[in-house]
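What follows is each chain in one-letter form.
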Amino acid sequence: MRSTLERPPGHVCSAFGGLADGGEPMPDSAAWRCGDLVLKPVTDKARTLWTARALDYVDEPGLRVAKPVRSTDGRWIVGGWTASRFVAGSAEHRGDASVLAAVKLHRATVGLPRPDFIAARKDVDAVADRVAWEELEVPLDETKGGRWFEVLAGARRPIKLPSQVAHGELLAGLLFDGDATPGLVDFVPYYRPGEYGAAIVAVDALAWGGATRELVERWAHLPEWPQLLLRAVLFRLAANALNPRSTRAALDGLRVAAREVSGVL
């Protein structure tokens, strides 16, 4: 594991077309900004390569995409580092704008193939996603979300939408900068209906972004919306129950989201 304070070597910066001094560290991140470039240490080569190709693929005027940058010899990774263009902005509680960004993103990524590494993932979120979609059964701590999961799970009904690459953490990764279109700097892929990504955004906004039921009601025209919201809140509840570092504050937010989603089922 790399130290979050490790500076990218000069030859790496130069290979991507940046200044050799390595730039400045970015707040709350292992990334470094070098002029118009952002350099990040690589911890998972397969995912890094897929993300670079995915972001390079996205062509959506409604999003400012942090396009990946190849090195001078055409590589996405040099010396354990990868690079992308800098996108200005910060995270903000903009529920409708974030759901709209999810809808636009997933319309733009319909053609992306399923990443090979998804099936092998065994992290908490990957397991929670499979539990939410009835592909796996594992015990869930009742005091950390398992009870709410049990209450809501019986309302699941089959969803007939086609699967595609869907972003599972979009709300946390969107950057807003005044009136500019939202910025997309990462991609956490799952293989579910595209609207599932929008449902996760809505549930996260309910749980931790101060949104109300009116947000989910405004997007009720999306196909299979109630069932996708249900899967999204079950996903988050399962992840909270399985995560040994989950907090009481996170669960309190999920209780709010669970109540609001149950009201639209």
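Whatever comes next refers back to the structure up there.
Here's what I pulled together on the structure shown here. (Residues numbered from 1 in each chain as written. Predicted model: local features only at pLDDT ≥ 70, side-chain atom pairs only at ≥ 80, totals over all residues. Heavy atoms only, no water.)

Let us look at the side chain of Thr82. Its place among the elements puts Thr82 in strand β7 (residues 81-85). Within polar-contact distance, the side chain of Thr82 engages the backbone oxygen of Trp76 at 3.0 Å. When near neighbours in sequence (up to four residues on either side) are disregarded, Thr82 contacts Phe16, Val38, Leu39, Lys40, Val42, Thr48 and Trp76. (Helix = DSSP H or I, 4+ residues; strand = E, 2+ residues; numbered from the N terminus. Polar contact = N/O pair within 3.5 Å; in protein donor to acceptor, adjacent residues only side chain to side chain. Contact = heavy atoms within 4.5 Å.)

Computed from the structure, the largest pocket encloses a volume of approximately 1,200 Å³. Together, 49 residues line the largest pocket, and Glu169, Ala172, Gly173, Val185 and Asp186 are the ones closest to its centre. Looking at the lining of the largest pocket, the elements that each hand over two or more residues are β3 (37-41), β7, α4 (124-132), α6 (170-173), α7 (194-208), α9 (225-242) and α10 (248-262). For the lining of the largest pocket, the per-class residue count stands at 22 nonpolar, 15 polar and twelve charged. In this structure, the second largest pocket spans a volume of roughly 660 Å³. As for the second largest pocket, its lining consists of 25 residues, of which Thr43, Arg47, Thr48, Thr51 and Asp186 are closest to the centre. If you list the elements that add at least two residues to the lining of the second largest pocket, you get β3, α2 (45-57), β7 and β11 (189-192). (1 Å grid on protein atoms, 1.4 Å probe; cavity = no way out; pocket = protein on both sides within 12 Å on 5 of 7 lines; lining within 4 Å. Points joined across faces, edges and corners; volume = space filled by probe spheres on them. Nonpolar A, V, L, I, M, F, W, Y, C, P; charged D, E, K, R; others polar.)

A separate point is the packing of aromatic side chains. Tallied over the entire structure, the rule returns five aromatic pairs. Measuring from centroid to centroid gives 5.3 Å for Trp50 and Phe187, while their planes differ by 85 degrees, and the two rings are edge-to-face. Taken together, the residues span a long stretch of sequence, with Trp50 in helix α2 and Phe187 in the loop between β10 (183-184) and β11 at a distance of 137 residues. With relative accessibility at 0%, the residue Phe187 sits in the buried group. Consider the rings of Trp133 and Tyr196, whose centres lie 5.2 Å apart with planes at 90 degrees: the pair is edge-to-face. One end of the pair, Trp133, is in the loop between α4 and α5 (146-153); the other, Tyr196, is in helix α7, and 63 residues separate them in sequence. For Trp133, a relative accessible area of 14% puts it in the buried group. A relative accessible area of 1% places Tyr196 in the buried class. In this structure an aromatic cluster arises from ring pairing among Trp133, Tyr190, Tyr196 and Phe235. (Phe/Tyr/Trp six-rings, centres within 6.5 Å; stacked < 30°, edge-to-face > 60°. Buried < 20%, exposed > 50% of the residue type's maximum accessible area, 1.4 Å probe, protein only.)

So, about the sheet that holds β10. Pairing is mixed in the open sheet, where three strands are placed in the order β4-β10-β9. Across the chains shown, the open sheet's two edge strands, defined by having one partner strand only, are β4 (64-65) and β9 (174-175). Relative to β10, β9 runs antiparallel, the two being bridged by two bridges. Residue pairing for β10: Leu175 is matched across the bridge by Gly183. (Pairing = 2+ DSSP bridges.)

What follows covers the side chain of Arg121. As for its placement among the helices and strands, Arg121 is situated in the loop between α3 (95-108) and α4. When its relative accessible area of 14% is taken as the criterion, Arg121 is described as buried. Beyond its immediate chain neighbours, meaning those up to four positions away, Arg121 contacts Ala126, Arg130, Pro189 and Tyr190.

A few words now on the packing of α7 against α10. Between α7 and α10, whose axes approach to 7 Å, the crossing angle comes to 120 degrees. Looking at the two axes, α7 sits oblique to α10. Considering the relative orientation of α7 and α10, their crossing is right-handed. Judged by residue contacts, Val203, Leu206, Ala207 and Trp208 of α7 engage Ala249, Ala250, Gly253, Leu254, Val256, Ala257, Glu260 and Val261 from α10. Here the contact of α7 with α10 is composed, by residue class, of ten nonpolar, one polar and one charged. (Axes fitted to C-alpha atoms, helices over the stretch in contact; angles between N-to-C directions. Parallel < 35°, antiparallel > 145°, perpendicular 65-115°, else oblique. Left-handed = near helix turned anticlockwise from the far one by under 90°.)

Time to look at α7. For α7, with 15 residues, the first-to-last C-alpha span of 22 Å sits near the 21 Å given by 1.5 Å per residue. Within α7, 13 of the 15 residues are buried, which leaves the element mostly enclosed by the surrounding structure. Once α7 ends, the next one or two residues include Gly210, with phi positive near 75 degrees. (Expected span 1.5 Å × (residues − 1).)

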